[in-house]
Amino acid sequence: MALQRLLKRVVARASTSSRIHSPAITFLHYSDYSTSSPPQLPPFEYQPQPYNGPSADEVYQKRKKFLGPSLFHFYQKPLNIVEGKMQYLFDETGRRYLDAFAGIVTVSCGHCHPDILNAINEQSKLLQHATTIYLHHAIGDFAEALAAKMPGNLKVVYFVNSGSEANELAMMMARLYTGSLEMISLRNAYHGGSSNTIGLTALNTWKYPLPQGEIHHVVNPDPYRGVFGSDGSMYAKDVQDHIDYGTSGKVAGFIAETIQGVGGAVELAPGYLKSVYDIVRKAGGVCIADEVQTGFGRTGSHYWGFQTQDVVPDIVTMAKGIGNGLPLGAVVTTPEIASVLATKIQFNTFGGNPVCSAGGLAVLNVIDKERRQTHCAEVGSHLIQRLKDLQKRHDIIGDVRGRGLMVGIELVTDRKDKTPAKAETAVLFEQLRELGILVGKGGLHGNVFRIKPPMCFTKDDADFLVDALDYSISRL
């Protein structure tokens, strides 16, 4: 049968992109597709343009020839995506897919959103680039609007080009401001792949064997797999132990995602950050919130992920959704911390260029105008409840977690031992694509589906996704 053949291919061709090791799983059996009709994509009034470019095979061959071998692709037969509109993508044949991963949590407002495109195009007609050695209103307008979204005294903005770059700058700020070198991050964290941020990252699949500097990785406050369950205070004690026994007693800073992205949509245990921020500040350190994936209303309940833990960081980093696909990131901090960079020349050639600033400001305006935070709360609650109902019927679903439209579905072969369902996840991943749904994968073992679509994702889209997952699991 089709799924059996697919499973054999998955086991035989486990690759870097799947991030899994494939055990022998000859015990799995699959039933026939003919028992019921597969769910159908919701209607969408849009006709993609005819595509006359190179085929998927031609694109793939050129990519293999001229691009780095470290690049990986999703799916055994790579998709050639040629057009996007709001929450949907189209391949070279014109087939439509529900994008439930948003370009790795980057397309916040929707593919080719007209307001954002217009802002980018209008600015591009006038001036694309000049750098901050000259005045231009776009960067100031954008910084002002972004600072207005921040609590407390977080009012100074630095623009960069990516999340890795933002976290690198934040770490440098922390070290310069405190005079200490030692940083603390969480196990299972992802903060970038540059030579410095790779040290903050704590997933072996993303780390090269390089010196990672003075960095301590503390126990992850994971309510599902963590040693202390949902007890945030116990995890916080581990941070204190690291400071007491593994440092001089003084640290530069602590960095964390509120909901871990690459790590599999793991929301930190309640109350954890409040306790840890107090511990770190007493040790002379600053607290950094990585909002690269959780920011801009995606969680629904709050505009920023750190607000779900009732804390105010000293430094906030952001990227991805800030630009809806533009190469844009930012670091926001206090005037006091920002002042340490004034002792030398700190400059970014492309950071805050007029086109990205115009586009970024348009993103903020669209999120407000279309009430996307409220929308994420409503659609996300509906999606999570439907997934939890599905969990009651399928033992393979070990955990459903997240907030708003930042959701994780962890698949296990047994709920007691929580053994990662690596091969089954790979099969379902391919089946969802065949049904027209593109999701992400995360976690160290690649057994967590990451559901993080553009924030225009609807309840009908959510129902289709859950129905498709039910349909696919029912055939395992």
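Refer to the structure above for everything that follows.
(A) Representation of the overall build of the protein chain within the structure. Along its length, the protein chain carries 14 helices and 18 strands. Against the 2.2 N^0.38 benchmark of 23 Å for 476 residues, the protein chain shows a C-alpha radius of gyration of 22 Å, consistent with a compact globule. For the C-alpha atoms alone, the extent of the protein chain along its principal axes is close to 70 × 55 × 45 Å. For the protein chain, the proportion of its 476 residues judged to be buried stands at 55%. Of the contacts formed within the protein chain by residues at least 6 apart in sequence, a portion of 74% connects residues at least 24 apart. Within the structure as shown, the protein chain displays about 20600 Å² of accessible surface, and the carbon and sulfur contribution to it stands at 54%.

(B) Region of the structure containing the pairing of strand S3 (residues 96–99). Burial of the side chains of S3 extends over both faces: Arg96 and Leu98 are buried on one face and Tyr97 and Asp99 on the other. Looking at chain direction, strand S2 (residues 88–91) and S3 are connected through 3 bridges and run antiparallel. Residue pairing across strands places phenylalanine 90 opposite arginine 96, the latter belonging to S3. Between S2 and S3, which follow one another and run antiparallel, lie 4 residues, and glycine 94 among them has a positive phi close to 90°. Pairing geometry for S3 and strand S16 (residues 437–438), over 2 bridges, is parallel. Of the residues in S16, the one forming a bridge with leucine 98 is isoleucine 437.

(C) Spatial organisation of the packing of aromatic side chains. With the rule as written, the count across this model stands at 18 aromatic pairs. Measuring from centroid to centroid gives 6.3 Å for phenylalanine 44 and tyrosine 46, while their planes differ by 50°, and the two rings are tilted. Through a chain of ring-to-ring contacts, the aromatic side chains of Phe74, Tyr75, Phe101, Phe429 and Phe449 assemble into a single cluster. One residue, lysine 418, lies across the ring of tyrosine 224, its end atom 4.3 Å from the ring centre. The cationic tip of arginine 433 hangs over the ring face of tyrosine 75; the distance from NZ or CZ to the ring centre is 5.6 Å.

(D) The arrangement of the sheet that holds strand S1 (residues 81–85) in detail. The strand order across the open sheet built from 4 strands is S1-S2-S3-S16, with neighbouring strands paired in mixed fashion. Every other strand in the sheet has two partners, leaving S1 and S16 as the edge strands with one partner each. Where S1 meets S2, 4 bridges bridge the pair, whose relative direction is antiparallel. For isoleucine 81, the partnering residue across the bridge sits in S2 and is aspartate 91.

What counts, and at which threshold
- Residues numbered from 1 in each chain as written.
- Predicted model: local features only at pLDDT ≥ 70, side-chain atom pairs only at ≥ 80, totals over all residues.
- Heavy atoms only, no water.
- Helix = DSSP H or I, 4+ residues; strand = E, 2+ residues; numbered from the N terminus.
- Rg over C-alpha atoms; globule rule 2.2 N^0.38 Å.
- Buried < 20%, exposed > 50% of the residue type's maximum accessible area, 1.4 Å probe, protein only.
- Contact = heavy atoms within 4.5 Å.
- Areas by Shrake-Rupley, 256 points an atom, 1.4 Å probe, with all protein chains shown as cover.
- Pairing = 2+ DSSP bridges.
- Phe/Tyr/Trp six-rings, centres within 6.5 Å; stacked < 30°, edge-to-face > 60°.
- Lys NZ or Arg CZ within 6 Å of the ring centre and 35° of its normal.

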